Amino acid sequence: MDWNKFSEVFANCELRGSKILIKSRLHDVIKFVTDNYPYDILKEIIAIHNRDGMVELVYNLYSTVDEESLLISVCVKDEAESIVDIFKSAEADENEIYDLFGIKFKGHDNLKRLYMPECWDGHPLRKDYVQDDTRLCWNDDNNDNA
Amino acid sequence: MTTTTTTLKLNLGPQHPSTHGVLRLLLELDGEKILSCEPDIGYLHRGMEKMAEKMSYIQYLPTVDRIDYLAGFFYSELLCRIVEKALEVEIPQKVRAIRVMLLELNRISSHLLWIGMFLMDLGATSPFFYTFREREMILRYFEKISGQRMMYNYFVFGGVRRDIDYLEDVDEILSILPSKLKDYENLIEKNPIFIRRVVNKGILEKETALNYSITGVNLRSSGADFDTRFQDSLYSGFDIGKVILKEKNSMARYRARILEIKESMKIVRQALDYLKKAPALEQKLINPVNMKLPEGDYFADIEAPRGIASCFVRSYGEKEPYRLKWRTGSYYSVNLLRKLLVGEYLNDAIAIAGSLDIILPEVDK
């Protein structure tokens, strides 16, 4: 694949390995890529809480026609743009990332706790998540019994 | 006097027998018509990804079979593949044949269970016993070689735990299965009640399926030609048949699984023929004690019975992964229910949800 054509369009992106790193305008980039290239499936969104405190979101796009993968990566602090209007499957991925990393997606109107109970404090896959026994209580009434 | 109509909110599950584990669907009904569906998952969450960050790779390996207890080999294979990729270890030809044979047998056993459960969802109880009888032969074989019926822990980094044996059992399975499959077809496919509940129900267009990230059999029964086994280096040299159906409904998803069992049997036969002639296993296993993966991001994916399963690992050269993520097919199938059930009748909800082959431990991870 000719990676350079992406960097010509988006001045703020950087190529590292097989991954395109972008700083902002995630929605626009993914819209551009899916409109112009046959990437028809969003395999998954991977979130990683990096050592610098930022959460890296890696969008794994896949083309069932060319059988090629494209990774688009963006670092966010606590808010990101939702791409639910492009890929419906992102609804599930973004909800999972909200639950486990605490990232709020602008444009996703159904963010809720998925694996963790509604009353759960914190987001367990963040590296700054504190594990102590008080968090193992399952409802608000028991939270004081430290 | 004026009358007002209100919609009814109905909980389907989490203890409903057809939800295959613990899935709660919050349905909004107008009469018997479904207006909206909101899946509620997480009842079976075990924190597989969080757990990985605290464990070394070899400590984590026995737990990954539990992600999908019906297709455990696939997840062991993924973790082994990540480690082999990172340490640049090539697995011997015989290990490859063993893995392919066991993966395909596992796929057959998983599809057999699905056929039984799907028919049970539709109210027919006897096919459940027949498919479990055939699945039992495969599970007995797995038990003989790995000591376990479902959580095998048989693949290890760089190879398999011990050499393959009891190949005559596989021969027997392959000779018995075709006639049994014919029995299922005679018993199930001509049944008018079955036909009325699956034909023209749960229509899934190819574009919708791709947009919802549906892969595997469900995508192929909507007319897409997409199977990652064709690019998979593990399967190179094996002749794999394509199963693509164009009907897009629940019936197509049922037919596709029957046909896929037949194709898997052909792959098992190829691997079996190779293994019968192969010399004793010579493999160089990776020493898992103090094993560290070099710094970097690693991806691996495989065509599991319920769609593409993949594993991502970011390592900083430590004994534990910095981050490990699983992608499972069922997770996206549950999300699809939001769309697929809208406009259908309540009595079809179970039949449509069942046809997608959702397994909840895989969803909740």
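A few points on the structure.

## Let's talk about the sheet that holds strand 3 (residues 33-40) of chain B
Residue and element names in this part refer to chain B.
Right, so step 1: On the basis of which strands lie adjacent, the open sheet formed by 3 strands has the order 1-2-3 and antiparallel pairing. In the strand order of this sheet, the two ends are held by strand 1 (8-12) and strand 3, each with one partner. Direction aside, the axes of adjacent strands within the sheet are offset by 25° on average.
Right, so step 2: For strand 1 and strand 2 (residues 24-30), the ladder comprises 5 bridges, and the chain directions are antiparallel.

## Quick notes on the sheet that holds strand 7 (residues 307-315) of chain B
Residue and element names in this part refer to chain B.
Right, so step 1: Spatially, 3 strands are ordered 6-7-8 in an open sheet, and the strand pairing comes out antiparallel. If you trace the sheet from one side to the other, it starts and ends with strand 6 (296-304) and strand 8 (323-327), each paired once. For this sheet the average axis-to-axis angle between neighbouring strands, irrespective of direction, equals 10°.
Right, so step 2: Taken together, the 9 bridges between strand 6 and strand 7 define a ladder with antiparallel strand orientation. Counted as the bridge partner of D301 is S310 from strand 7.
Right, so step 3: Contacting strand 6, strand 7 and strand 8, helix 3 (residues 72-86) runs over the sheet at an angle of about 145° to strand 6.

## Structural notes on the layout of surface pockets
Right, so step 1: The space that makes up the largest pocket amounts to roughly 820 Å³.
Right, so step 2: Every element with two or more residues in the lining of the largest pocket is listed here: strand 3 (41-49), strand 4 (55-63) and strand 5 (68-76) of chain A together with helix 3, helix 4 (93-121), strand 6 and strand 7 of chain B.
Right, so step 3: Tallied by class, the residues present in the lining of the largest pocket amount to 10 nonpolar, 7 polar and 14 charged.

## Some remarks on the interface of chain A and chain B
Right, so step 1: Contact residues are listed per partner, giving 40 residues for chain A and 37 residues for chain B.
Right, so step 2: Across the interface of chain A and chain B, roughly 3,400 Å² is buried in total on both sides, 50% from carbon and sulfur atoms.
Right, so step 3: Among the residues chain A hides against chain B, the three largest losses belong to A:K43, A:R51 and A:Y115. Together they make up 19% of the total.
Right, so step 4: At the boundary of chain A and chain B, one finds 8 salt bridges.
Right, so step 5: Linking chain A to chain B there are 27 residue pairs in polar contact (both at pLDDT 80 or more).

Quick notes on the rules
Residues numbered from 1 in each chain as written. Chains lettered and ligands numbered in written order. Predicted model: local features only at pLDDT ≥ 70, side-chain atom pairs only at ≥ 80, totals over all residues. Heavy atoms only, no water. Pairing = 2+ DSSP bridges. Helix = DSSP H or I, 4+ residues; strand = E, 2+ residues; numbered from the N terminus. Axes fitted to C-alpha atoms, helices over the stretch in contact; angles between N-to-C directions. Contact = heavy atoms within 4.5 Å. 1 Å grid on protein atoms, 1.4 Å probe; cavity = no way out; pocket = protein on both sides within 12 Å on 5 of 7 lines; lining within 4 Å. Points joined across faces, edges and corners; volume = space filled by probe spheres on them. Nonpolar A, V, L, I, M, F, W, Y, C, P; charged D, E, K, R; others polar. Buried area = accessible area lost by both parts, 1.4 Å probe. Salt bridge = Lys/Arg side-chain N within 4 Å of Asp/Glu carboxyl O. Polar contact = N/O pair within 3.5 Å; in protein donor to acceptor, adjacent residues only side chain to side chain.

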